[in-house]
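Here is how the chains run, residue by residue.
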Amino acid sequence: MIDQPKTADEKRENKENFALAENIKSIREAEFIQGKYKIADNRKLNIGFIDYFDKLLNQRSGYLSNYNTWKSTKRYIDQYVHPSTAFLQLYPQLVI
């Protein structure tokens, strides 16, 4: 990128380079979201597990074929998981 472009060619080159950089950035962001780089997004681990499960349970309320299974699972979760538990605090022994 040319700092303080003076000619039309320099401005055009900067514009083209900027557009290319934006395209590469978009591709990399999409690849990151798809998990291509195996980089963990730790922000998601701080979400409350019970809150997240409740949200899913409410979304499933319209599907009577397995809604009772979700409700039953929720009863067990409530017995063994503290309401403030985040995904980060879950461990394999809790779920087996």
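Residues numbered from 1 in each chain as written. Predicted model: local features only at pLDDT ≥ 70, side-chain atom pairs only at ≥ 80, totals over all residues. Heavy atoms only, no water.

1. Some details on helix α2 (residues 49-60)
Piece 1. Helix length check: α2 (twelve residues) gives 17 Å between terminal C-alpha atoms against 16 Å at 1.5 Å per residue, within 8%.
Piece 2. Listed in full, the buried residues belonging to α2 are Phe 49, Ile 50, Phe 53, Leu 56 and Leu 57. One side of α2 carries all its buried residues, which in axial view fall inside an arc of 125°. Turned more than 90 degrees away from the buried face of α2 sit Asp 51, Lys 55 and Asn 58, all of them exposed.
Piece 3. Close packing links the buried residues of α2 with α3 (64-80). (Helix = DSSP H or I, 4+ residues; strand = E, 2+ residues; numbered from the N terminus. Expected span 1.5 Å × (residues − 1). Buried < 20%, exposed > 50% of the residue type's maximum accessible area, 1.4 Å probe, protein only. Arc of directions from axis to C-beta. Contact = heavy atoms within 4.5 Å.)

2. Topic: a nonpolar patch on the surface
Piece 1. On the surface, a nonpolar cluster with roughly 420 Å² of combined accessible area is contributed by Phe 32, Ile 33, Tyr 37 and Ile 39.
Piece 2. On the secondary structure map, Ile 33 appears in helix α1 (residues 8-33).
Piece 3. Residue Ile 33 is classed as exposed on the basis of its relative accessible area of 71%. (Patch = residues over 30% accessible without salt bridge, like charges linked within 9 Å, V, L, I, M, F, W, Y side chains within 5 Å. Areas by Shrake-Rupley, 256 points an atom, 1.4 Å probe, with all protein chains shown as cover. Salt bridge = Lys/Arg side-chain N within 4 Å of Asp/Glu carboxyl O.)

3. A few points about the pattern of salt bridges
Piece 1. Following the criterion strictly, the structure yields six salt bridges and no others.
Piece 2. One salt bridge in this structure joins Glu 16 and Arg 12, with 3.2 Å as the shortest N-O distance. Residue Glu 16 and its partner Arg 12 are located together in helix α1, separated by four residues, close to a single helical turn.
Piece 3. In this structure, the salt-bridge partner of Glu 31 is Lys 36, at a minimum N-O distance of 3.4 Å.
Piece 4. Exposure remark for Glu 31: the relative accessible area of 14% places this residue in the buried category.
Piece 5. Given the relative accessible area of 54%, Lys 36 is considered exposed.

4. Focus: the packing of aromatic side chains
Piece 1. Tallied over the full model, the rule gives four aromatic pairs.
Piece 2. Here the aromatic rings of Phe 49 and Phe 53 are separated by 6.4 Å at their centres, their planes lie at 40°, and the arrangement is tilted. With a gap of four residues between them, Phe 49 and Phe 53 both fall in helix α2, about one helical turn apart.
Piece 3. Judged by relative accessible area, which is 10%, Phe 53 ranks as buried.
Piece 4. These aromatic residues form a ring-pair network of at least three members: Phe 49, Tyr 52, Phe 53, Trp 70 and Phe 87. (Phe/Tyr/Trp six-rings, centres within 6.5 Å; stacked < 30°, edge-to-face > 60°.)

5. Re the side chain of Thr 85
Piece 1. Along the polypeptide, Thr 85 turns up in the loop between α3 and α4 (92-95).
Piece 2. Its relative accessible area of 12% is what places Thr 85 among the buried residues.
Piece 3. Polar side-chain contacts of Thr 85 include one of 2.9 Å to the backbone oxygen of His 82.
Piece 4. Setting aside residues up to four positions removed in sequence, Thr 85 forms contacts with Ile 47, Gly 48, Phe 49, Ile 50 and Leu 90. (Polar contact = N/O pair within 3.5 Å; in protein donor to acceptor, adjacent residues only side chain to side chain.)

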